[in-house]
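Architecture at a glance
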Amino acid sequence: MPAMTPKTRAAIALAERWGAHNYHPLPVVITRAKGVFVWDVDGRRYYDFLSAYSALNQGHNHPAIVAAAKRQLGRVALTSRAFHNDRLGPYLSKLCRLARQDMALPMNSGAEAVETAIKAMRLWGYRTKRIPAGRAKIVVCENNFHGRTTTIVGFSSDPGSRDGFGPATPGFVAVPYGDLRALARALGPETAGFLVEPIQGEAGVILPPPGYLKAARELCARRRVLFCADEIQTGLGRTGALFACGREKVVPDLYVLGKALSGGLYPVSALVGRREVLGLFTPGTHGSTFGGSPLASAIADAALDVIVRERLPQRSARLGARFLARLKTLKHSRLIDVRGRGLMLALEFSVPVRPLVVDLMRRGLLAKDTHENTIRFAPPLVITERQLDDAFARIAAAVAAFRA
Ligand SMILES: *Cc1c(COP(=O)(O)O)cnc(C)c1O
């Protein structure tokens, strides 16, 4: 551990005393941020290479999104969906046009949007596919991460996420990620949907074999199973395309979106998809007090504009390819893989990387270990080439100094 200053120590002690310990944060206390940088309580500056798990694709406090939020705060923040508000329609039409989908259902957190997707797939399964009542199955992948609700952790293969929170909700079947034959075997007359991350982020930036998504999508269509892509982390430019599915020319029946949908200013998520599915919801069958609020809608509308106007998917593709090539020049006896797509990149070692993460923090770069041996690099997509070069120099120095 680096020596902590009194300010840092006091801030951490207070939060640890009063907050449940469901995270193991790096010992840095952030007090302000702008673009790709954050500053700690002692005035030290860091590159943010986590981007709040890709909620900050547009960078911290993007001025256009902050301005939209402030404008809306001066008007109305919350109406509930018991009344209409004048911001929801413009936002949802923009979102659907960008995603080339028919309809959207606004929620708040990513996990809530995944829950919405599960309900939508089951509803379609019963109403349209005519699966007998109570028998609908959803196929998921091993090592998935879809959030933290009781239903979602019940189909997680990570003991830390799942154990102690049972009984698990029934109706889920897990298959190995990237395995088409296993998927083909799992799909049956009672399968309503297949829920998949186009790249598994929390599992350590795991890329499926080339062609997997396309073949899985076609298989689902043939077997009359909904294909639902959880693009909460991979979507909105992160992997060098607006959606990671787009890189394989895959159009899912349903997208689950969140995180960067608000550029980090507010919890905003949505299920976006075909009318044949989302059109099955009727008044009273689903809802959210805050989902689709005027404030959330104004923020998300502006956050989408930034992605398009600043060509963040194209930027991510170009800068990501360059950064990946540079990461591939790193040499270390314990480095076993360098991978990623766009600006969603990872180094995998054969040993735990926490010491490397702490050293990078000392060198002014915040990144996070995932599953012990992997370190993920996911800076805001607004990062410049010069900043990436500077960040790379810090990473190269830390890797060279890493004694496993
Ligand atoms: C972060 C994430 C979620 C959950 O989002 P929350 O906003 O934390 O509930 C779900 N799926 C994926 C792929 C994620 O990365």
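Here the structure is a predicted model, which means the values were calculated and not measured. (Residues numbered from 1 in each chain as written. Predicted model: local features only at pLDDT ≥ 70, side-chain atom pairs only at ≥ 80, totals over all residues. Heavy atoms only, no water.)

**Considerations on the nonpolar core**
In terms of nonpolar packing, the biggest core is built from 91 residues, with Phe49, Phe194 and Phe377 touching the most fellow members. Top contributing element to this core by residue count: helix α11 (residues 294–309), with nine residues. Both domain 1 (6–58 + 311–401) and domain 2 (63–309) contribute no fewer than three residues apiece to this core. Here phenylalanine 377 is in contact with Phe49, Leu327, Leu343, Met344, Leu345, Leu347, Leu360, Leu365, Ala367 and Ile395, once residues within four sequence places are set aside. Residues Met107, Met121, Ala136 and Leu195 belong to the second largest nonpolar core, which totals 30 residues. (Core = buried A, V, L, I, M, F, W, Y, C linked by side-chain atoms within 4.5 Å. Buried < 20%, exposed > 50% of the residue type's maximum accessible area, 1.4 Å probe, protein only. Helix = DSSP H or I, 4+ residues; strand = E, 2+ residues; numbered from the N terminus. Domains from an automatic or database assignment. Contact = heavy atoms within 4.5 Å.)

**Some points on helix α5 (residues 110–127)**
Across its 18 residues, α5 extends 25 Å between first and last C-alpha, which sits within 8% of the 26 Å expected from 1.5 Å per residue. Here α5 has its buried residues at Ala111, Ala113, Val114, Thr116, Ala117, Ile118, Ala120, Met121, Leu123, Trp124 and Gly125. (Expected span 1.5 Å × (residues − 1).)

**Some details on the sheet that holds strand β14 (residues 368–370)**
Taken in spatial order, the four strands line up as β11-β12-β15-β14 in an open sheet, and their pairing is antiparallel. One side of each edge strand has no neighbouring strand; the edge strands of this open sheet are β11 (335–341) and β14. Averaged over all pairs of adjacent strands, the angle between their axes in this sheet comes to 25°, without regard to strand direction. Bridge analysis of strand β12 (residues 344–349) against strand β15 (residues 374–377) gives four bridges, and the strand direction is antiparallel. Bridge assignment links leucine 345 to a residue of β15, and that residue is phenylalanine 377. Most of the contacts of helix α12 (residues 312–327) go to β12, to which it runs at about 15°, and overall it touches β11, β12 and β15. (Pairing = 2+ DSSP bridges. Axes fitted to C-alpha atoms, helices over the stretch in contact; angles between N-to-C directions.)

**Topic: the pairing of β11**
Both β11 and β12 contribute to a ladder of six bridges, which runs antiparallel. Residue pairing in the sheet places arginine 339 in a bridge with alanine 346 of β12. Here β11 folds back onto β12, and the loop between the two strands holds two residues, one of which, glycine 342, carries a positive phi near 60°.

**Quick notes on the domain arrangement of the protein**
According to the domain assignment, the protein contains domain 1 (6–58 + 311–401) and domain 2 (63–309). With centres defined by C-alpha atoms, the gap from domain 1 to domain 2 works out at 26 Å. Contacts between the two partners involve 29 residues from domain 1, matched on the other side by 29 residues from domain 2. Area buried by domain 1 at its contact with domain 2 is led by Gln58, Arg341 and Met344, which between them contribute 31% of it. (Buried area = accessible area lost by both parts, 1.4 Å probe.)

**Section: α11**
Spanning 16 residues, α11 covers 22 Å between terminal C-alpha atoms, matching the ideal 22 Å at 1.5 Å per step. Most of α11 is tucked away: 13 of the 16 residues are buried. One or two steps after α11, the chain reaches arginine 311, where phi turns positive at roughly 45°.

**Some details on the site of the ligand**
Lining the immediate environment of the ligand, one finds Ser109, Gly110, Ala111, Phe145, His146, Gly147, Glu197, Asp230, Ile232, Gln233 and Lys259. Here an oxygen atom of the ligand and a backbone polar atom of glycine 110 are 2.8 Å apart. When the free accessible area of the ligand is taken as 380 Å², the share hidden by the protein chains comes to 80%. (Near = heavy atom within 4 Å. Polar contact = N/O pair within 3.5 Å; in protein donor to acceptor, adjacent residues only side chain to side chain. Areas by Shrake-Rupley, 256 points an atom, 1.4 Å probe, with all protein chains shown as cover.)

**A short note on the sheet that holds strand β3 (residues 45–48)**
Within a sheet, each strand pairs with its neighbour through backbone hydrogen bonds, oriented either parallel or antiparallel. An order of β1-β2-β3-β13 is seen for the four strands of this open sheet, with the pairing classed as mixed. The sheet is open, and its two borders are formed by β1 (30–34) and β13 (365–366), each paired with just one other strand. Looking at chain direction, β1 and strand β2 (residues 37–40) are connected through four bridges and run antiparallel. Across the sheet, residue isoleucine 30 finds its bridge partner in β2, namely aspartate 40. Strand contacts of helix α14 (residues 385–401): β2, β3 and β13, with the helix running at about 100° to β3, the strand carrying the most contacts.

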